[in-house]
Amino acid sequence: MAMSQRAIFLSTFRCSRCPIIQLARSSRPVLAVEGSPPRAVRESRFDSGGYVREYSDSPWIQNDDNAEHAAEGTPQPMTDYQKEDDDVQKKKRIVGGFQQLPMVSPSHEIIESALKRADRVGYNKKLKNEGAKAKNRAARQLDTLMKELTKPLGKYENGFMHPDALHPFERALLSLSVGEDRYLHAVEGVVSLRKSVVGVAKGYAGRCSKSPTKKEALDLRDEGFSQVESTYKRYSYVVEELKEIAKSLRKLPVVDPDVTTVALVGAPNVGKSSLVQLLSSGLPEVQNYPFTTRSIKVGHFFVNTERYQVTDTPGLLSRADEDRNQMEMLTLASLQYLKTSVLFVMDLTGECGTTLYDQWRIREELLERFPEKQWIDVFSKADILEEDLDRADELLLADNTPIQLDIDGRLCSGSLTAVDMACLIPHAARVSSITGDGTDSLKERMIAMFDTAT
């Protein structure tokens, strides 16, 4: 008796500056009901109010609880996820948003709980007519099912902030970890799923309440339950995707941009992690954050009750940006978007796998790229370099360094020894993570650097 309806997602993807899910050239999948084709898309844009996609007869952003106004073309308020009001603008550059993401429940738990709650909906005791009672209960059961499904989906929609609201460093973390496109697709998919569930459930609830007989109301209720459950389960993978994304993002480091930060930078395996341990106020304050096959360490230390941050960044290789991996781009992002001072760490022993000449080239690149950064050069593993460092000191004292530079200050030779490097950078701090020698001196230089900055 009930008209057959099919809830389907017509999924079409199109990339733009911030690619998001598209349906029939819309940024969200749209519920298409047989006999009621999707509306034609008129315009798509992103403005200060959020993502807006308009149809020929109504705006894309609609209030689900006021469908009759939407049908007249009256613009409805946008959701918290879609709009950027004054409060969002004020908080726009505050980090730590990933740690505030809502916990995403498994999709099967959401549907199972919703079905149980809907089944427990009782009759309205104020109604005396059996037919009216059955129609009323059927409509309220569908309404309860809809609310129990869409409540968590709406929470996820509002809880996952738009990338534009993130601090630039956290946005870089997002792009370099799960990917901004994947993040947007997942959130927009959840938004679309919520709207589709609302559309199916409301349609059947309305028909139940207007059905001429008790039997028809019960048949429509059962069909509505089946359609809502089918729609949800068919596209519940977006909830699982968002759940995995949230787990990944919560593992990312939190760096407070208002706290003075020192970034340890250099080639891979030069001893940056060991220095973080030495400079931080104990192992418990150093946390490891998985980042693909590498890790980032964030530590803290205190000087006269003043807190400072120390970050260990992934190693850089001497190559063009287009050839660099995500780990290297993370290091560059931290230097670009955070107010950091730099401890450039070099290993003169040759054990790190990067030649001294390439380490020199990385240093020169960063000095040219970030000329405003406060900078301290550090030679690690100084305990096994004593002879080379003593020899360099003798040459410097005698003003007889073997290094030749061209008129622009560049090296004339592509081969360097530990003695050469020590002569090139005579002011470098010499530290041993094994013996601890040089650590106090390095901290004193760091404090002096901070005092100069203030």
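Note that the structure is a prediction, hence the values are computed from the model and not measured. (Residues numbered from 1 in each chain as written. Predicted model: local features only at pLDDT ≥ 70, side-chain atom pairs only at ≥ 80, totals over all residues. Heavy atoms only, no water.)

*Asks:* What is the right way to look at the overall build of the protein chain in this model?
*Replies:* Looking only at helices and strands, one finds 14 helices and 13 strands in the protein chain. Taking all 454 residues of the protein chain together, 49% fall into the buried category. Long-range contacts, defined here as pairs at least 24 residues apart, represent 69% of the contacts in the protein chain between residues at least 6 apart. As displayed, the protein chain has an accessible area near 22400 Å², and 49% of this comes from carbon and sulfur atoms. (Helix = DSSP H or I, 4+ residues; strand = E, 2+ residues; numbered from the N terminus. Buried < 20%, exposed > 50% of the residue type's maximum accessible area, 1.4 Å probe, protein only. Contact = heavy atoms within 4.5 Å. Areas by Shrake-Rupley, 256 points an atom, 1.4 Å probe, with all protein chains shown as cover.)

*Asks:* How should the environment of Arg182 be read in this particular structure?
*Replies:* In this structure, Arg182 sits in helix H6 (residues 180-210). Once the C-alpha coordinates of Arg182 and Glu241 are considered, the two residues, 59 residues apart in sequence, prove to be 9.0 Å apart. When residues no more than four places from it in sequence are discounted, the contact partners of Arg182 are Glu241, Glu244 and Ile245.

*Asks:* Quick question: what am I supposed to make of helix H4 (residues 130-159) here?
*Replies:* Owing to its 3.6 residues per turn, the α-helix aligns residues three or four sequence positions apart on the same side. Here H4 is 30 residues long and its end C-alpha atoms lie 43 Å apart, about the 44 Å a rise of 1.5 Å per residue gives. Between the side-chain oxygen of the N-cap and the backbone nitrogen of Gly131 there are 2.8 Å, and the N-cap of H4 in question is Asn129. (Expected span 1.5 Å × (residues − 1). Polar contact = N/O pair within 3.5 Å; in protein donor to acceptor, adjacent residues only side chain to side chain.)

*Asks:* Looking at this structure, I do not really get the nonpolar core. What am I missing?
*Replies:* Generally speaking, soluble globular proteins have nonpolar side chains that are buried together. Counting 52 residues, the largest nonpolar core has Leu343, Leu366, Val378, Phe379, Met421, Leu442 and Met446 as its most contacted members. With six residues, helix H13 (residues 418-424) is the single largest residue contributor to this core. Discounting residues that sit within four places of it in the chain, Met446 has contacts with Val262, Leu279, Phe301, Leu343 and Ile376. Judged by nonpolar contacts, the second largest core, of 50 residues, contains Leu142, Val187, Val197 and Ala205. (Core = buried A, V, L, I, M, F, W, Y, C linked by side-chain atoms within 4.5 Å.)

*Asks:* Would you explain the packing of aromatic side chains in this entry?
*Replies:* Ring pairs (aromatic) are described by centroid distance and by the angle formed between their planes. Evaluated as defined, the whole model comprises five aromatic pairs. Relative to Phe450, the ring of Tyr308 has its centre 4.4 Å away and its plane inclined at 15°; by these criteria the two rings are stacked. Of this pair, Tyr308 sits in strand E10 (residues 306-312) while Phe450 sits in helix H14 (residues 439-453), placing them 142 residues apart in sequence. In this pair, the class of Tyr308 matches that of Phe450, namely buried. Members of the aromatic cluster, joined through ring pairs, are Phe301, Tyr308 and Phe450. In this arrangement the basic side chain of Lys133 is found over the ring face of Tyr123, its NZ or CZ atom lying 5.6 Å from the centre. Note that Arg137 overlies the ring of Tyr123, its terminal NZ or CZ placed 5.0 Å from the centroid. (Phe/Tyr/Trp six-rings, centres within 6.5 Å; stacked < 30°, edge-to-face > 60°. Lys NZ or Arg CZ within 6 Å of the ring centre and 35° of its normal.)

*Asks:* Would you take a moment to explain the pairing of strand E11 (residues 340-347) for this structure?
*Replies:* If a strand is regular, its side chains alternate between the two faces of the sheet. Among the eight residues that make up E11, eight are buried, leaving the element largely enclosed by the rest of the structure. On E11, burial covers both faces: Thr340, Val342, Phe344 and Met346 on one face and Ser341, Leu343, Val345 and Asp347 on the other are all buried. Of the pairings in the sheet, the one linking strand E7 (residues 261-265) to E11 comprises five bridges and is parallel in character. Paired with Leu264 across the bridge in E11 is Leu343. When E11 meets strand E12 (residues 375-380), the two strands line up parallel, connected through six bridges. Among the inter-strand pairings, Val342 is bridged to a residue of E12, identified as Trp375. Handedness of the crossover is the feature at issue here: the chain leaves E11, passes through helix H11 (residues 356-369), returns alongside E12, and the resulting connection is right-handed. (Pairing = 2+ DSSP bridges. Right-handed = clockwise from strand over helix to strand, strands pointing away.)

*Asks:* Quick question: what am I supposed to make of the side chain of Ser211 here?
*Replies:* For Ser211, the position within the fold is in the loop between H6 and helix H7 (214-234). With near-sequence residues (within four places) excluded, Ser211 lies in contact with Lys135, Glu216, Ala217 and Leu220.

*Asks:* Mind showing me how you'd approach the packing of H4 against H7 here?
*Replies:* Any two packed helices are characterised by the angle at which their axes cross and by the distance between the axes. The contact between H4 and H7 brings their axes to 8 Å, and the two run at 10°. Taken together, H4 and H7 sit at an angle that is classed as roughly parallel. Contacts from Glu130, Gly131, Ala134, Lys135, Arg137, Ala138, Gln141, Leu142, Leu145, Leu149 and Leu153 in H4 reach Lys214, Ala217, Arg221, Gly224, Phe225, Val228 and Tyr232 in H7. Each residue belonging to the contact of H4 with H7 can be placed in one class, and the counts come to ten nonpolar, three polar and five charged. (Axes fitted to C-alpha atoms, helices over the stretch in contact; angles between N-to-C directions. Parallel < 35°, antiparallel > 145°, perpendicular 65-115°, else oblique. Nonpolar A, V, L, I, M, F, W, Y, C, P; charged D, E, K, R; others polar.)

*Asks:* Help me understand the pattern of salt bridges in this model?
*Replies:* Any two side chains of opposite charge can pair, so long as their charged atoms come close to each other. Evaluated as defined, the whole model comprises 24 salt bridges. Taking the shortest distance from any N to any O, the salt bridge between Asp321 and Arg324 comes out at 2.7 Å. The class of Asp321 is partly exposed, set by a relative accessible area of 26%. Across the salt bridge formed by Arg324 and Glu365, the nearest N and O atoms sit 2.8 Å from each other. (Salt bridge = Lys/Arg side-chain N within 4 Å of Asp/Glu carboxyl O.)

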